[in-house]
Amino acid sequence: MAEVNEDELKARLDPLSYAVLREGATERPFTGEYTDTDKVGSYRCKACGNELFTSETKFHSGCGWPSFYAPTADDAVKLIEDRSLAPRVRTEVRCANCDSHLGHVFTGEGYEVPTDERWCINSVALYLQEKPL
């Protein structure tokens, strides 16, 4: 796992991105830069640059946050049981490289995607590296 210099990260990121990535906050729905974008490229962790998702797995779920049906690789992210909304149990998604909070993954919601998963990720936790045309 990558070593994170919290002071450098706090100075480099905007306050909301830092709060989401390092403190587990959530951006308000329908406010994120990547919620409705269809640009082609890879979505990377804003804290460390780790490739997490690609535009090929992004879909419009209508939930208010960018949604993907799979990460780029199983080892790009790590999953943690989240009981912060007990009794509801969710699965938190973190960057496997720097342990930053990204969002949550949900299954069995009936979206027409190959995995029946919705990776609900905060826009402010990501940056899009656009693929050149």
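Located above this text is the structure these notes cover.
Overview of the structure. On a predicted model such as this, the values are computed, not experimentally measured, just so you know.

1. Focus: the overall build of the chain
Reasoning step 1: Of regular secondary structure, the chain possesses 2 helices and 9 strands.
Reasoning step 2: Here the chain has a C-alpha radius of gyration of 14 Å; the compact-globule value for 133 residues is 14 Å, and the two agree.
Reasoning step 3: Principal-axis analysis of the C-alpha atoms places the extent of the chain at approximately 45 × 40 × 30 Å.
Reasoning step 4: Burial analysis of the chain (133 residues in total) assigns 47% to the buried set.
Reasoning step 5: Within the chain, contacts between residues at least 6 apart in sequence are counted, and of these 53% link residues at least 24 apart.
Reasoning step 6: Approximately 7,300 Å² of the chain is accessible, and the part contributed by carbon and sulfur atoms is 48%.
Reasoning step 7: Each charge sign in the chain was given a centre, from 15 positive and 23 negative side chains, and these centres are 3 Å apart.

2. Looking at the pattern of salt bridges
Reasoning step 1: Taken as a whole, this structure holds 10 salt bridges when the rule is applied.
Reasoning step 2: Put simply, D14 and K46 hold a salt bridge, and the shortest N to O gap is 3.8 Å. With D14 in the loop between α1 (6-12) and α2 (15-23) and K46 in the loop between β1 (41-45) and β2 (51-54), this pair connects stretches of sequence that are 32 residues apart.
Reasoning step 3: Here D14 falls in the partly exposed class, since its relative accessible area comes to 34%.
Reasoning step 4: With its nearest N and O atoms 3.9 Å apart, the salt bridge here joins E130 to K39. On the criterion of sequence distance, the pair formed by E130 in strand β9 (residues 126-130) and K39 in the loop between α2 and β1 is long-range, its members being 91 residues apart.

Criteria and cut-off values
Residues numbered from 1 in each chain as written. Predicted model: local features only at pLDDT ≥ 70, side-chain atom pairs only at ≥ 80, totals over all residues. Heavy atoms only, no water. Helix = DSSP H or I, 4+ residues; strand = E, 2+ residues; numbered from the N terminus. Rg over C-alpha atoms; globule rule 2.2 N^0.38 Å. Buried < 20%, exposed > 50% of the residue type's maximum accessible area, 1.4 Å probe, protein only. Contact = heavy atoms within 4.5 Å. Areas by Shrake-Rupley, 256 points an atom, 1.4 Å probe, with all protein chains shown as cover. Lys, Arg positive; Asp, Glu negative; His and termini not counted. Charge placed at Lys NZ, Arg CZ, Asp CG, Glu CD. Salt bridge = Lys/Arg side-chain N within 4 Å of Asp/Glu carboxyl O.

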